[in-house]
Amino acid sequence: MRRTQRSVCRICHGGCGALVTVEDGRVVKVVGDRDSPMNQGWMCVKGLRTPEIANHPDRLEWPRRRRPGKAGGWERVSWEAALDEIAERVAAIRDRLGPEAIALGQGTGRHHYMHVVRFANALGTPNWYEPGLAQCFIPRVTVSNLTYGGYVTGDYYGDTPPACILFWGSNPLVSNPDGKIGIAIRRALDRGAVGIAVDPRRHETARRCELWLGLRPGTDAALALAMIQVIIAERRYDAEFVARWTQGFDALAAHVADCTPAWAAPITGVAPELIVEAARRYAALRPAVLEWGVGIEQNVNALQTVRALACLRALVGSIDVPGGELLSMQRMRAYPTLAEQLPREQARKRLGAERFKLLGGWRAYMPSAHIPTLFAAMRTGEPYPVKGLLVFGNNALATVANARAVRRSLECLDLLVVSELFMTPTAELADFVLPAAFWPEVEQVIGYPLATGNLVYHQPALTRRGECRPDEWIIDQLSRRLGLPDSERPFEAVMAHQLEPTGVGLDQLRRQGVLRLPHRYRKYETRGFRTPSRRIELYSKALERLGYDPLPSHVEPPESPRSRPDLARDYPYVLITGSRRREFFNSEHRQVAGLRRRAPDPRAQLHPEVARAEGIADGDWIAIATPRGRIRMRAEITPEINPEVVSIDHGWWFPEAPSALAGAWRANANLLTSDAPPYDPAFGTYQLRGLLCRLAPASAPAAAEIDEPDDDPARA
Ligand SMILES: Nc1nc2c(c(=O)[nH]1)N[C@H]1C(S)=C(S)[C@@H](COP(=O)(O)OP(=O)(O)OC[C@H]3O[C@@H](n4cnc5c(=O)[nH]c(N)nc54)[C@H](O)[C@@H]3O)O[C@H]1N2
Ligand SMILES: Nc1nc2c(c(=O)[nH]1)N[C@H]1C(S)=C(S)[C@@H](COP(=O)(O)OP(=O)(O)OC[C@H]3O[C@@H](n4cnc5c(=O)[nH]c(N)nc54)[C@H](O)[C@@H]3O)O[C@H]1N2
Ligand code: SF4
Ligand SMILES: [Mo]
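Worth saying up front: this structure is predicted, and the values here are computed from it rather than measured.

(A) The overall build of the protein, seen in detail. Along the backbone of the protein there are 26 helices and 27 strands. Computed over its C-alpha atoms, the radius of gyration of the protein comes to 25 Å, within 12% of the 27 Å expected for a compact globule of 716 residues. Expressed as lengths along the three principal axes of its C-alpha atoms, the size of the protein is roughly 70 × 65 × 55 Å. Split into buried and exposed, the 716 residues of the protein put 65% on the buried side. Contacts in the protein between residues far apart in sequence, at least 24 positions, make up 75% of those at least 6 positions apart.

Here you go:
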């Protein structure tokens, strides 16, 4: 039997309407849905390869348990046996050491994200993590909430396109980030929106822009302050909007008075005339959208960098107007995370919360544990022991800073459970590996764009693979065995609860597939912004009360040519990691032949001047080293990059190696990063971009070679 049904792709943060064809219980074809306003028929290379991923021979199909004793390896067990034993061992750790000794881990933006948070709250542990959060999106969300009383995101779906899009550390034509699909942004550029890109690389999106500001990594706050200075000094801001709807303008104006383009130029490496031109055009072309990406967050000045941009965007007044920046609506009810079930004394034990108040404290948007503090507790038992970890789709060995420390931490646990689609380096360290369902096998409801929820999609479970089960099911099964609160509630009731305010029930949404809700513009005109002053808070009293600067400033990155000239003698280039490429989602898809063919090797981008100085030719294997480690990648020489900068892929491991773990060290960007302080003072962010590195020619790695992390990181 063959049938085609409407759904929504969730390989990335998602949002592409999809038509899924299933034949005899297998997904055989996935194409873009022309009727979806998100993607209008388009799909990326990954989405189109959904059948290859769903039917991949390496998919995990049944639960497995590590064999006791030295022989190692796995044995197949039934779901009953696996769930019973996991629940028993979780309960034993909880009873011995308290629920906080069990941590939960998960990956970026998956369907089951909030269900993991719910599980943590019900279990009574404050310690859950995700490798994004402090390093991804939480600074943008938190700062938007503090400054605007809600998230703000570009309007690409109405009749009016933006006149200007300022891409800042963001490459959406490749990354389709946070539930925004790049094709909508590309269409806005096609319709005449003027693009300005601020990025060390002139990436795919920047090549569609009229201006490119190729700044030095980690100097964004200085550049933003200079643009604010120009816009204020030249009176190019929207005076009426600023007077009526912002608070603290005079303080901001005084604060940036000395932050002239001449001041910012030597810091950022961007010519003063270019700063002035970018500021003038951004202020003149309205409505304007700021498209900010993770490039502004993976540094230890994340809070103030994001704040500087939040202030900049307020000055041009394109807030909640057609073609401007939409203020969130969120038509669905918030996920029932059972936050009220977490006792206060447990919340207080959240690792890192006391120090990083906007990551884990009571003002945090989605309180989570600080990863370096949590992983150190696994290794050292300080400030208290963490002995169990249940992971739902996170490849920590590839995506958390300092992969060596991650491995040591996981090896200290009494119980590691990993729910996964494929065997990964992280899963290979586990006591239990559970086979998770892939998106065409999962039912859920979800609102897009994530910040506004104007489109509510139904994603039906259309197929099954082996014994794979949705993570929500796994969590509910464990919850029941542990006797946790609300664990008898069927998952359908959770979806129905979320849908209730839309007036459309689950059964109706199942029939119609998608629900469109019109956006209401200029919502603030009736009751103001949802901040204490009812205005946009350029001067943030809330931050001041928490002990953080109420006005944004630039802080030089701690490992840079300016702050560490001593180190820069040996490590002369600025390293950025993790610029996205189309073929892979973070650490995924290296085993998917149709994608790997297009991108067979890990890539290090560098400027022709660097190549000349180092004697490197395009396509050569090179070693990239920081004071912490050394990895190998293939050089891609391109003039479209700041000549001080080397940009490397993240997330690499080699499924074709003798074991997943053996393939985890050759090109792992997180052997080069550090989880040590300094951190961002509010979020505890560690630095993944803007470190120092050096380069050397290297031999090509053999396919079957077993790599181990280099014990002498300085050797390169
Ligand atoms: N050096 C460096 N490190 C980085 C970054 C960087 O730029 N540079 N970026 C950081 C950022 S922004 C993020 S968000 C993180 C992402 O980090 P992760 O979320 O850990 O990365 P992924 O590889 O996307 O996902 C991890 C695993 O989830 C599995 N998976 C996919 N879908 C499902 C599912 O439905 N259920 C289950 N159980 N498993 C599933 C995949 O097979 C994969 O192995 O990485 C961070 N790490
Ligand atoms: N195909 C694909 N799509 C993805 C992902 C993926 O792995 N693959 N990952 C998903 C995830 S988890 C995320 S968070 C999003 C990220 O989506 P984006 O934010 O759009 O993407 P990135 O490519 O990670 O980073 C954007 C840019 O930051 C630049 N950059 C690095 N350091 C700095 C700096 O100091 N300042 C400035 N201004 N720019 C800097 C890089 O050159 C890069 O071009 O993408 C999501 N979508
Ligand atoms: S952009 Fe994301 S949602 Fe769209 S097809 Fe690609 S992976 Fe799927
Ligand atoms: Mo992310």
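(B) Broad picture of the domain arrangement of the protein. Per the domain assignment, the segments of the protein are domain 1 (74–136 + 339–456 + 467–516), domain 2 (152–326) and domain 3 (565–715). Domain 1 and domain 3 are separated by 29 Å when their C-alpha centres are compared. With 30 residues of domain 1 at the interface, the matching set in domain 3 holds 32 residues. Surface buried jointly by domain 1 and domain 3 totals about 2700 Å² across both partners, of which 57% is contributed by carbon and sulfur atoms. By the criterion of area lost to domain 3, the three top residues of domain 1 are Gln-135, Ala-401 and Arg-404, representing 22% of everything that side buries. Where domain 1 touches domain 3, the interface holds one salt bridge. In this structure, Arg-110 engages Glu-588 in a salt bridge whose closest nitrogen and oxygen atoms are separated by 2.8 Å. Mapped by element, the contributors of at least two residues to the side of domain 1 that touches domain 3 are α15 (357–360), α16 (371–380), α17 (396–399) and α18 (403–411). With four residues, the single largest contributor to the side of domain 1 that touches domain 3 is α18.

(C) How the structure looks around the pattern of salt bridges. On inspection of all chains with the given rule, the structure shows 48 salt bridges. For Glu-61, the salt bridge identified is with Arg-465, shortest N-O distance 3.1 Å. Of the two residues, Glu-61 sits in the loop between α2 (50–54) and β4 (64–66) while Arg-465 sits in the loop between β19 (455–459) and α19 (471–482), which places them 404 residues apart along the sequence. Taking the relative accessible area as the measure of exposure, Glu-61 reaches 27% and is therefore partly exposed. Taking the relative accessible area as the measure of exposure, Arg-465 reaches 14% and is therefore buried.

(D) Region of the structure containing the nonpolar core. Among the nonpolar cores identified, the biggest contains 170 residues, and Trp-168, Tyr-282, Leu-390, Ile-624 and Ile-648 are the most heavily contacted of them. Those residues in contact with Leu-390 that lie beyond four places of it in its chain are Val-90, Ile-102, Ala-103, Leu-104, Gly-105, Phe-119, Leu-415, Val-417 and Leu-478. Of all hydrophobic cores here, the second largest spans 28 residues; its members include Met-43, Ile-181, Phe-438 and Leu-455.

(E) Quick look at the sheet that holds strand β9 (residues 164–168). Strand order in the open sheet formed by four strands is β11-β10-β9-β13, with parallel pairing between adjacent strands. In this open sheet, the two edge strands, each paired with only one partner strand, are β11 (211–213) and β13 (288–292). Adjacent strand axes in the sheet meet at a mean angle of 15° when their direction is disregarded. Bridge count between β9 and β13: five bridges; the pairing is parallel.

(F) Up close: the site of ligand 1. The full set close to ligand 1 counts 35 residues, and Arg-110, Asn-394, Thr-399, Glu-420 and Ser-587 are the nearest of them. In the environment of ligand 1, an oxygen atom lies 3.0 Å from a nitrogen or oxygen atom belonging to the side chain of His-111. At a separation of 2.9 Å, a nitrogen atom of ligand 1 approaches a polar backbone atom of Ser-419. Calculation on ligand 1 without its partners gives an accessible area of 910 Å², and the protein chains cover 97% of this total. Residue composition of the shell around ligand 1, by class: ten nonpolar, 18 polar and seven charged. Inspection of the shell around ligand 1 shows a minimum of three residues originating in each of domain 1 (74–136 + 339–456 + 467–516) and domain 3 (565–715).

Cut-offs applied
- Residues numbered from 1 in each chain as written.
- Chains lettered and ligands numbered in written order.
- Predicted model: local features only at pLDDT ≥ 70, side-chain atom pairs only at ≥ 80, totals over all residues.
- Heavy atoms only, no water.
- Helix = DSSP H or I, 4+ residues; strand = E, 2+ residues; numbered from the N terminus.
- Rg over C-alpha atoms; globule rule 2.2 N^0.38 Å.
- Buried < 20%, exposed > 50% of the residue type's maximum accessible area, 1.4 Å probe, protein only.
- Contact = heavy atoms within 4.5 Å.
- Domains from an automatic or database assignment.
- Buried area = accessible area lost by both parts, 1.4 Å probe.
- Salt bridge = Lys/Arg side-chain N within 4 Å of Asp/Glu carboxyl O.
- Core = buried A, V, L, I, M, F, W, Y, C linked by side-chain atoms within 4.5 Å.
- Pairing = 2+ DSSP bridges.
- Axes fitted to C-alpha atoms, helices over the stretch in contact; angles between N-to-C directions.
- Near = heavy atom within 4 Å.
- Polar contact = N/O pair within 3.5 Å; in protein donor to acceptor, adjacent residues only side chain to side chain.
- Areas by Shrake-Rupley, 256 points an atom, 1.4 Å probe, with all protein chains shown as cover.
- Nonpolar A, V, L, I, M, F, W, Y, C, P; charged D, E, K, R; others polar.

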